[in-house]
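Working through the structure, step by step
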Amino acid sequence: MTHVLIVDDEPESRTRLRALLQAHGHAVSEAANGLDALAMARQHPPDLVISDILMPQMDGFALCRASRTDPALARAPFVFYTGTYATPRDVALALKLGASRFLVKSAAAEEIIRTITDALADGAPPAAPEALPEPTETESWRLYNESLIATLEHRNLELADEVRALRPLTAGLEHLPALVSLTDSRGRITYVNRRFEAVTGFSRDQVQGQTHAILRTRHVDAGLGFEIRAALLAGQEWRGEFEQQRRDGSLFWERTVISPVHDDAGTVTHFLRLSEDVTDEKLAARAREAFEAQRRQSERLETIGRLAGGVAHDFNNLLTIVIGHTHLVLQQLPPTDPLRTDLGAVLDAATRGATITRQLLTYARRDLVHPLPVDPGHAIAALARLLQRMSGDEIRLGFSLGPDIWPILIDPSRFDELVVNLVANARDAIRGPGAIDVSLANVSWTQTLAAGHGGLPPGDYVLLRVSDTGSGIPAAALPRIFEPFFTTKPPGEGTGLGLSSVVGTVEQAGGHVEVERTSASGTTMLVTLPRSTVRPAAGPGPAPATPLEGTERILLVEDEPAVLELMRRTLESYGYTVLHASTPERALRAMADRDAHVDLLLTDVVMPGMNGRELATQLQGRDPRLRVLFMSGYSSDVVAERGLVPAGVSLITKPFSPTALAARVRATLDAPPPAAE
């Protein structure tokens, strides 16, 4: 078995040649340059050397010269095997240097084997100078340099032709509407086109040598990059979509195709990435999804609203009776009477029932709200003591309210309630010691950023965050936490209306509520509220104590007998003279007498036959200075949609306590009388 030494700096070339020689029964050893070949030959002299010409450290020409004088190689035939130096001058130089044969790498396998077989049969050329007219060293280097220069000139011409051929392709890539990037097999960027620069905001100099991680957002799974690279190295194409980040921090979406690029040996050397900017398409899809979700939510709200509005009137009348009579009895009992405890429990239950009704109406956006410019920082600061007492001693309650938080437009009482509800939920999520943090921040959102928060329009917003160190929200419960009556608390510990009423309040104010994060280490709720362009008015000083009693005459109109009797007794207990009627028609008949006179009309809004507004209109037609106070147990949308209460009039909603009724009556009587037309 003959021993052949292959000398070539290209691993792929050595691999192909080794496989061919071994298949024909030759033993093979390899070296990557002439110096390594000489060292190997001295240890294991070969029977034949087959060598490339252009190699680092010692090229093939120098190795051939050395082989003629080195005892380890002098007896071995020398065959040149090259893909670069293939001109007649190169062949002549090789033969002068003592080569036996000359092959080009494009030769067929049969020709290679035949040439090697012939060279082995002929043996090495004679080493005697008289038998081999070997050129002098100076002449050898001259021939070598001339050959090298000629080859380089030829290669430069070839490269110039290739560059000219590539220019149209490069120009085409530069003007493609797609984002084009080329990376090496490690993912390092070597080329990007103009569209890439325009969409991402990065210049090609800034991304050269970087990976596409420079565009990665915090939402992207970092492990995906390893999966994509593994697929590409296996020769597979990858398709998918990415949410990416521009240089300025804004987000965009791209639909991407990444393909492996192979060399002549079939090895993956580069990745070609073609991407389409589909941000507008994604935003449109998100807008459609948000619209559809909003439509479904509106349908649910409408259903709940109809239910709530239907029961509110009767239920609130019942609660008014319970609360009112309980207050009346409590006023008559001495402070030490044991019945006060039982009556207090009744009053507490009725008050909680009224709260549940109002929360349900808030979620359905059918309660009566009075939006005003509110400074959220001052509002939360005013609640600090209440929130701390509510949280308990084991929970640290922290505030980061900021010095220049923008105002918001919201019903002040509803804003206080939503903060209390969020902190209460955070407290209930903590078992034992923990922390709750309440913070405010101003943000200005672009269309893309705002769309990611409930499809809000771009603009200025105030962010309210309530974070806790509780156990987090279970994944199964997360999609339902804003639904009314849904709760993860044990039976009897919650109504499931806290978060749903928060949603109603925030959406009535034009904002959005979401779970920003949740895990086993805690949850952060994010409330986004639009900035108000109107600053809050300076707060009034402490209101002076106002007596609730009076001696004026009041016309009371209420179609529910029990409520009518309760209110008559209540008003008379405060010193008022009360004329009462169960229908508007009876009230008109009672006032038909020319001498009949009252100072205030206190009337229910919705009654059979004639409503409260129509009654007030007729009576004020007779006495334009008559003051009017409306009351209703219906939701605000019923009152507003039917046009039952004009804007700017006094309205008290059921249920209410006797004290609240007396205070509202006194305030209405003390207000300036209506201007006569």
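Above this text sits the structure in question.
Described in the following lines is the structure provided in the data block.

What counts and how
Residues numbered from 1 in each chain as written. Predicted model: local features only at pLDDT ≥ 70, side-chain atom pairs only at ≥ 80, totals over all residues. Heavy atoms only, no water. Helix = DSSP H or I, 4+ residues; strand = E, 2+ residues; numbered from the N terminus. Buried < 20%, exposed > 50% of the residue type's maximum accessible area, 1.4 Å probe, protein only. Contact = heavy atoms within 4.5 Å. Areas by Shrake-Rupley, 256 points an atom, 1.4 Å probe, with all protein chains shown as cover. Phe/Tyr/Trp six-rings, centres within 6.5 Å; stacked < 30°, edge-to-face > 60°. Lys NZ or Arg CZ within 6 Å of the ring centre and 35° of its normal. Pairing = 2+ DSSP bridges. Axes fitted to C-alpha atoms, helices over the stretch in contact; angles between N-to-C directions. Polar contact = N/O pair within 3.5 Å; in protein donor to acceptor, adjacent residues only side chain to side chain. Left-handed = near helix turned anticlockwise from the far one by under 90°. Nonpolar A, V, L, I, M, F, W, Y, C, P; charged D, E, K, R; others polar. Patch = residues over 30% accessible without salt bridge, like charges linked within 9 Å, V, L, I, M, F, W, Y side chains within 5 Å. Salt bridge = Lys/Arg side-chain N within 4 Å of Asp/Glu carboxyl O. Core = buried A, V, L, I, M, F, W, Y, C linked by side-chain atoms within 4.5 Å.

Details of the overall build of the protein
Helix and strand counts for the protein come out as 21 helices and 22 strands. Relative to its full complement of 677 residues, the protein shows a buried share of 43%. Across the protein, the fraction of contacts at a sequence separation of at least 24, relative to all contacts at a separation of at least 6, is 66%. Carbon and sulfur atoms make up 55% of the accessible area of the protein, which amounts to about 34900 Å² in all.

Topic: the packing of aromatic side chains
What the rule picks out here adds up to five aromatic pairs. Ring geometry for Phe 80 and Phe 102: centres 6.1 Å apart, planes at 45 degrees, overall tilted. Remark: Phe 102 occurs in strand S5 (residues 101–104) and Phe 80 occurs in strand S4 (residues 78–82); sequence separation between them is 22 residues. In this structure an aromatic cluster arises from ring pairing among Phe 61, Phe 78, Phe 80 and Phe 102. If you follow Lys 282 out to its NZ or CZ, it ends over the ring of Trp 253, 4.6 Å from the centre.

Topic: the sheet that holds strand S7 (residues 189–192)
Read across the open sheet, the five strands follow the order S7-S6-S10-S9-S8; overall the sheet is antiparallel. Both outer strands of the open sheet, S7 and strand S8 (238–245), are each paired with one neighbouring strand and no more. Put simply, the sheet's adjacent strands are angled 25 degrees from each other on average, direction ignored. Sheet topology places strand S6 (residues 179–184) next to strand S10 (residues 268–277); six bridges connect them, and they run antiparallel. If you follow Thr 183 over to S10, its bridge partner there is Phe 271.

Here we look at the sheet that holds strand S17 (residues 522–530)
Across the sheet, which stays open at both edges, the five strands sit in the order S12-S14-S15-S17-S16 with mixed pairing between neighbours. On the outer flanks of this sheet lie strand S12 (395–400) and strand S16 (512–519), each paired with one strand and no other. On average, adjacent strands in this sheet sit at an angle of 20 degrees to one another, irrespective of strand direction. Two strands pair when backbone bridges link them, and S12 and strand S14 (residues 434–445) are joined in this way by six bridges, in the parallel orientation. Across the sheet, Leu 397 pairs through a bridge with Ile 436, a residue of S14. Where helix H13 (residues 376–391) meets the sheet, it contacts S12, S14 and strand S15 (459–468), and its direction lies at approximately 175 degrees from that of S12. Running at roughly 35 degrees to S15, helix H14 (residues 412–428) makes contact with S12, S14, S15 and S17 of the sheet.

So, the side chain of Ser 532
Following the sequence through the fold, Ser 532 ends up in the loop between S17 and strand S18 (553–557). According to the relative accessible area criterion, Ser 532 is buried, its value standing at 8%. Within the structure, the side chain of Ser 532 is placed 3.1 Å from the backbone oxygen of Val 534, a separation counted as a polar contact.

Re the packing of helix H17 (residues 561–573) against helix H21 (residues 658–670)
Close contact between H17 and H21 brings their axes to 10 Å; oriented N to C, the two are set at 65 degrees. In this structure, H17 crosses over H21, and the sense of that crossing is right-handed. Facing H17, whose interface residues are Met 567, Thr 570 and Leu 571, H21 presents Pro 658, Leu 661 and Val 665. For the contact of H17 with H21, the class distribution of residues is five nonpolar, one polar and no charged.

Section: the side chain of Glu 514
Its place among the elements puts Glu 514 in strand S16. Assessed through its relative accessible area of 17%, Glu 514 is described here as buried. Reaching out from Glu 514, the side chain makes a polar contact with the side chain of His 453 at a distance of 2.7 Å. With residues near it in sequence (within four places) discarded, Glu 514 still touches His 453, Phe 482, Thr 524, Met 525 and Leu 526.

Observations concerning a nonpolar patch on the surface
A surface patch of nonpolar side chains, amounting to about 200 Å² of accessible area, comprises Leu 176, Leu 272 and Leu 274. Mapped onto the fold, Leu 176 is located in the loop between helix H7 (137–174) and S6. Taking relative accessible area as the criterion, Leu 176 reaches 34% and is therefore assigned partly exposed.

A closer look at the nonpolar core
Counting residues in hydrophobic clusters, the biggest one holds 36 residues, and the most contacted among them are Phe 415, Leu 418, Val 419, Leu 422 and Leu 464. Here the element with the most residues in this core is H14; it accounts for seven residues. With near-sequence residues (within four places) excluded, Leu 422 lies in contact with Leu 464, Val 466, Leu 499, Val 502, Met 525 and Val 527. Listed in part, the 24 residues of the second largest apolar core include Leu 5, Ala 76, Phe 80 and Leu 93.

Observations concerning the environment of Ala 435
Mapped onto the elements, Ala 435 comes out in strand S14. What makes Ala 435 buried here is its relative accessible area of 10%. In this structure the C-alpha to C-alpha distance between Ala 435 and Gly 470, which are 35 residues apart in sequence, comes to 8.2 Å. Excluding residues within four positions of it along the chain, Ala 435 makes contact with Ile 395, Arg 396, Ile 430, Ser 467, Asp 468 and Thr 469.

Structural notes on the pattern of salt bridges
Scanning the model with the defined rule gives 28 salt bridges in all. Among the salt bridges present, the one from Asp 184 reaches Arg 188, with a minimum N-O distance of 2.8 Å. A relative accessible area of 15% places Asp 184 in the buried class. Classification of Arg 188 as partly exposed rests on a relative accessible area of 37%. With its nearest N and O atoms 2.8 Å apart, the salt bridge here joins Glu 558 to Lys 654. Placement of the pair is Glu 558 in the loop between S18 and H17 and Lys 654 in the loop between strand S22 (650–653) and H21, with a sequence separation of 96 residues. It is possible to trace a salt-bridge network through shared partners that takes in Glu 241, Arg 255, Glu 276, Glu 281 and Lys 282.

Considering the pairing of S17
Buried residues dominate S17, accounting for eight of its nine residues. Pairing between S16 and S17: seven bridges, direction antiparallel. What sits directly across from Val 515, in S17, is Met 525. Where S16 hands over to S17, the hairpin turn is made up of two residues, counted between the paired strands.

Things to note about unusual backbone geometry
A cis amide bond links Lys 654 to the next residue, Pro 655, at an omega of 0 degrees. Among the secondary structure elements, Pro 655 is positioned in the loop between S22 and H21. With phi around 70 degrees, Gln 57 is a residue other than glycine that occupies positive phi space. With respect to the helices and strands, Gln 57 occurs in the loop between strand S3 (48–51) and helix H3 (60–69). What makes Gln 57 exposed here is its relative accessible area of 64%.

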